[in-house]
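Coordinate inspection notes
Each chain is listed here by its residues.
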Amino acid sequence: MKLDIILRTHSTGNVHTWAQRYVPATKAEIMLRCAQSLVTSINQADADIRLWVVDDHSDPASFAKLNEIVARCKYPVNIASLEEGGTQASALAHFKAGKDTAREIVYFVEDDYLHTPSAVQEMIDAYTLFKKNLGREMFVLKDGCVLKDNDKYDRKSPPAAFWHLGHGGSSMSLTEAS
């Protein structure tokens, strides 16, 4: 199993200016704690994993701490600082990194996702089980992003299933693709 995890980071600001944070912490603290939870989870997984970090102009102190955290990852790490900043530029770089470096599985992760220690291994196990039982590749999608056009997948047929993680706390469902 070859897994590329691509983490997009930024230590300042809030792209959701209309929403209040759920925790009384700075963006930098959230980013660093989430990065630490990801590295802890990666280190407990058994697979061929690479961690890619795409940083969107984090402040120097936070970037240095981020480097210390990812240096504790037992798998290879690549850190790229973006030349052009902003949500759209970093999102493009995030997905381009996945497209350019992808091997077997790609996990696009944001800097505000907390991971349990077993999260990465559970994701690998679930993917392996679903692929075996369905007999085809699949996509794990979040927030209702369901792509229906086959050529967007660069595949001859659509994936066997969409694993939709819902939006706003809705329940997970597994639905067959048509």
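Scroll up a little and you will see the structure.
One structure accompanies this document, and this report is about it.

Cut-off values and rules
Residues numbered from 1 in each chain as written. Predicted model: local features only at pLDDT ≥ 70, side-chain atom pairs only at ≥ 80, totals over all residues. Heavy atoms only, no water. Pairing = 2+ DSSP bridges. Helix = DSSP H or I, 4+ residues; strand = E, 2+ residues; numbered from the N terminus. Right-handed = clockwise from strand over helix to strand, strands pointing away. Salt bridge = Lys/Arg side-chain N within 4 Å of Asp/Glu carboxyl O. Buried < 20%, exposed > 50% of the residue type's maximum accessible area, 1.4 Å probe, protein only. Core = buried A, V, L, I, M, F, W, Y, C linked by side-chain atoms within 4.5 Å. Contact = heavy atoms within 4.5 Å.

Pairing geometry for strand S2 (residues 48-55) and strand S3 (residues 77-81), over 5 bridges, is parallel. From the neighbouring strand, Asp55 faces S3, where its bridge partner is Ser81. For the crossover that starts at S2, traverses helix H2 (residues 60-71) and ends in the parallel S3, the hand is right-handed.

This structure, assessed with the given rule, holds 6 salt bridges. A salt bridge links Arg103 to Asp4; the nearest nitrogen and oxygen atoms lie 3.2 Å apart. Pair noted here: Arg103 is in the loop between helix H3 (87-101) and strand S4 (105-110) and Asp4 is in strand S1 (residues 2-9), with a separation of 99 residues, a long-range link. Judged by its relative accessible area of 28%, Arg103 is partly exposed. Taking the relative accessible area as the measure of exposure, Asp4 reaches 0% and is therefore buried. In this structure, Asp48 and Arg103 form a salt bridge, with 3.1 Å as the shortest nitrogen-oxygen distance. Here the residue Asp48 occupies a position in strand S2, and Arg103 occupies one in the loop between H3 and S4, the gap between them amounting to 55 residues.

A positive phi is found at His57, a non-glycine position, where the angle reads about 55 degrees. Looking at the element boundaries, His57 is found in the loop between S2 and H2.

The subject of this paragraph is the nonpolar core. Ranked by size, the top nonpolar core spans 25 residues in total, and within it Leu3, Ile5, Leu38, Ile42, Ile49, Leu51 and Val120 carry the most contacts. Among the elements that make up this core, the one with the highest residue count is helix H1 (residues 27-43) (6 residues). If near-sequence neighbours (up to four positions away) are discounted, Ile49 is found in contact with Leu3, Ile5, Ile42, Tyr75, Pro76, Arg103, Val120 and Ile124. In terms of nonpolar packing, the next biggest core, distinct from the first, is built from 5 residues, Ile6, Val54, Leu82 and Ala97 among them.

With that settled, the discussion passes to the environment of Ala89. Tracing the backbone shows Ala89 in helix H3. Take Ala89: its relative accessible area is 18%, and that puts it in the buried class. It is 8.5 Å that separates the C-alpha atoms of Ala89 and Asp56, two residues lying 33 residues apart in sequence. When neighbours within four sequence positions are excluded, Ala89 is seen to be in contact with Leu82 and Glu84.

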